[in-house]
Amino acid sequence: MILHKRGRILRATPAIRSMVAETIITPSDFIAPLFIDEGENLATEISSMPGYFRRSLDLTIKEVEELWSIGIKSVLLFIKCKDELKDNTGLESWNPRGLMQRSIKAIKAAVPGMYIMTDVALDPFSSYGHDGIVKDNEIINDETVEALVKMSVSHAAAGADMVAPSDMMDGRIGAIREALEDNGYTKTGIMAYSAKYASCFYGPFRDALDSAPGFGDKKTYQMDYSNRLEAVREALMDVEEGADIVMVKPGLPYLDIVREVKNAVDVPVSVYNISGEYAMIKAAAQRGWIDENKAIMETLTSIKRAGGDLIATYFAKDAARLINQ
Ligand code: PBG
């Protein structure tokens, strides 16, 4: 056989494979989501996320120190709100002494270099478990945006580097940007969850924060998974309104969307490798059906290859360790 092209030449040894690798993941690609709870010396494993914990602030700080030491540059904070503080206004979410605000300050003080991103949405604070204010069984947009603005400004005041609105209300990016400017927070960034789909894969996360919707679903604000062009439209709108980074979420079932958005915008694209994606790998690995470490590396590389510049992932620590080995 005489061939003029042999594709296997560039696959022959580990050396040549690493020389021609098009996609390389590094710990600074990762954003580590953290679930924070009240209390002390508390680490609760989330039943549907084996190996992942909700921690009190003291233990969260230890975790952040460890993440920093292995090269992770960013954390994304979520807090679990006590039931008695939940209501239909989100009031607790902009409490200057709230758990989120205290956490931002304490983490900044302990690990000043760590880039702190904060979740902005009402669901952990909502007695209805929805991302917005509820009236007559509907999630109302404009009043919700006012609450999100207050929440964002309070995160900036506490020292957050970037707020990350995950609520999918209309017009919130522009409103938040304007409020940050008005209040002098000109260094605070916005990572917009621009194309966030109504997904069944969020289940384990809602276990972690006890934030499952009390009625109905989130389909009137999160996107329909049948749609692709709409994701581009949402991302472009958010960039126009002032987003520094746009996000696609979930990750794996939406890699086509990641590429589409990546080609359309001129800001970094982040991807959320969400709780259900974590749970699936964990569950299969526990049964011995797949090799967990290999699945982690293949998954995260595929997300970056699709166009994810940054990846929010519960595997951040494991992946950083595997990369550093
Ligand atoms: C809610 C929010 C969700 C996630 C991040 N922010 C869940 C939801 O929209 O119900 C999901 C993250 C994950 O599943 O890992 N604002």
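So, here's what we can say about the structure.

The rules behind each value
Residues numbered from 1 in each chain as written. Predicted model: local features only at pLDDT ≥ 70, side-chain atom pairs only at ≥ 80, totals over all residues. Heavy atoms only, no water. Axes fitted to C-alpha atoms, helices over the stretch in contact; angles between N-to-C directions. Helix = DSSP H or I, 4+ residues; strand = E, 2+ residues; numbered from the N terminus. Parallel < 35°, antiparallel > 145°, perpendicular 65-115°, else oblique. Left-handed = near helix turned anticlockwise from the far one by under 90°. Contact = heavy atoms within 4.5 Å. Buried < 20%, exposed > 50% of the residue type's maximum accessible area, 1.4 Å probe, protein only. Pairing = 2+ DSSP bridges. Right-handed = clockwise from strand over helix to strand, strands pointing away. Near = heavy atom within 4 Å. Polar contact = N/O pair within 3.5 Å; in protein donor to acceptor, adjacent residues only side chain to side chain. Areas by Shrake-Rupley, 256 points an atom, 1.4 Å probe, with all protein chains shown as cover. Nonpolar A, V, L, I, M, F, W, Y, C, P; charged D, E, K, R; others polar. Salt bridge = Lys/Arg side-chain N within 4 Å of Asp/Glu carboxyl O. Expected span 1.5 Å × (residues − 1). Arc of directions from axis to C-beta.

Focus on the packing of helix H9 (residues 275-286) against helix H10 (residues 292-306)
A packed helix pair is summarised by two numbers, namely the angle formed by the two axes and the spacing between the axes.
So, point 1. Close contact between H9 and H10 brings their axes to 9 Å; oriented N to C, the two are set at 155°. As far as their axial angle goes, H10 and H9 are roughly antiparallel. The handedness of the crossing between H9 and H10 is right-handed. Along the contact surface, H9 presents Ile 281, Lys 282 and Ala 285, while H10 presents Glu 292, Ala 295 and Thr 299.

With respect to the environment of Ala 284
So, point 1. Positionally, Ala 284 belongs in helix H9.
So, point 2. Judged by its relative accessible area of 16%, Ala 284 falls in the buried class.
So, point 3. Sequence-wise, Ala 284 and Ile 176 are 108 residues apart; in three dimensions their C-alpha atoms are separated by 41 Å.
So, point 4. With residues up to four places along the chain from it excluded, the contact list for Ala 284 reads Trp 289 and Ile 290.

Details of the pairing of strand E4 (residues 74-79)
So, point 1. Counting buried positions over the 6 residues of E4 gives 6, a clear majority of the element.
So, point 2. As defined by bridge partners, E4 adjoins strand E5 (residues 115-120) across 4 bridges and the pair is classed as parallel. Following the sheet pairing, Leu 77 is matched in E5 by Thr 118.
So, point 3. The β-α-β motif built from E4, the intervening helix H3 (residues 99-110) and the parallel element E5 has right-handed crossover chirality.

Some remarks on the side chain of Arg 177
So, point 1. Within the element layout of this structure, Arg 177 appears in helix H5 (residues 172-182).
So, point 2. Overall, Arg 177 belongs to the buried group, its relative accessible area being 18%.
So, point 3. Excluding its chain neighbours within four sequence positions, the residues that come into contact with Arg 177 are Thr 188, Ile 190, Glu 241, Gly 242 and Asp 244.

Structural notes on the site of the ligand
So, point 1. Taken together, 17 residues are adjacent to the ligand, and Arg 206, Lys 218, Lys 249, Ser 275 and Tyr 314 come closest.
So, point 2. A distance of 3.0 Å is found between a nitrogen atom of the ligand and a side-chain nitrogen or oxygen belonging to Asp 123.
So, point 3. Protein contact buries 100% of the 400 Å² of open area that the ligand shows by itself.
So, point 4. Along the lines of polarity and charge, the residues of the shell around the ligand split into 7 nonpolar, 3 polar and 7 charged.

Thoughts on the pattern of salt bridges
So, point 1. Evaluated as defined, the whole model comprises 19 salt bridges.
So, point 2. Of the charged contacts, one joins Lys 304 and Asp 29 as a salt bridge, the two residues approaching to 3.0 Å between their closest N and O atoms. Here Lys 304, found in helix H10, pairs with Asp 29, found in the loop between helix H1 (14-20) and strand E1 (30-37); they are 275 residues apart in sequence, far enough to count as distant.
So, point 3. Since its relative accessible area comes to 24%, Lys 304 is described here as partly exposed.
So, point 4. Looking at Asp 29, the relative accessible area reads 7%, which means it is buried.
So, point 5. For Asp 123, the salt bridge identified is with Lys 218, shortest N-O distance 3.7 Å. Here Lys 218 lies in the loop between helix H6 (203-209) and helix H7 (229-241) and Asp 123 lies in the loop between E5 and strand E6 (133-135), a separation of 95 residues in the sequence.

With respect to helix H2 (residues 57-69)
So, point 1. In this model, H2 (13 residues) spans 18 Å end to end at C-alpha, consistent with the 18 Å of a helix rising 1.5 Å per residue.
So, point 2. All buried positions along H2 are accounted for by Leu 57, Leu 59, Thr 60, Ile 61, Glu 63, Val 64 and Leu 67.
So, point 3. Along its buried surface, H2 packs onto E1, strand E2 (43-46), strand E3 (49-56), E4, H3 and helix H11 (316-324).

Considerations on H10
So, point 1. Compared with the 21 Å implied by 1.5 Å per residue over 15 residues, the 21 Å span of H10 between its first and last C-alpha is a close match.
So, point 2. Those residues of H10 lying buried are Ala 295, Ile 296, Thr 299, Leu 300, Ser 302, Ile 303 and Ala 306. The arc that holds every buried residue of H10, seen down its axis, measures 155°, which confines them to one face. For H10, the exposed residues set more than 90 degrees away from the buried face come down to Lys 294, Glu 298 and Arg 305.
So, point 3. Turning to H10, the residues buried within the fold contact E1, helix H8 (255-264), strand E11 (269-273), H9, strand E12 (310-313) and H11.
So, point 4. The N-terminus of H10 is capped by Asp 291, whose side-chain oxygen sits 3.1 Å from the backbone nitrogen of Asn 293.
So, point 5. At the exit of H10 stands Gly 307, carrying a positive phi of roughly 130°.

Thoughts on the side chain of Asp 123
So, point 1. For Asp 123, a relative accessible area of 6% corresponds to the buried category.
So, point 2. Residue contacts for Asp 123: discarding those within four places in its chain leaves Gly 129, His 130, Asp 131, Phe 205, Ser 211 and Lys 218.

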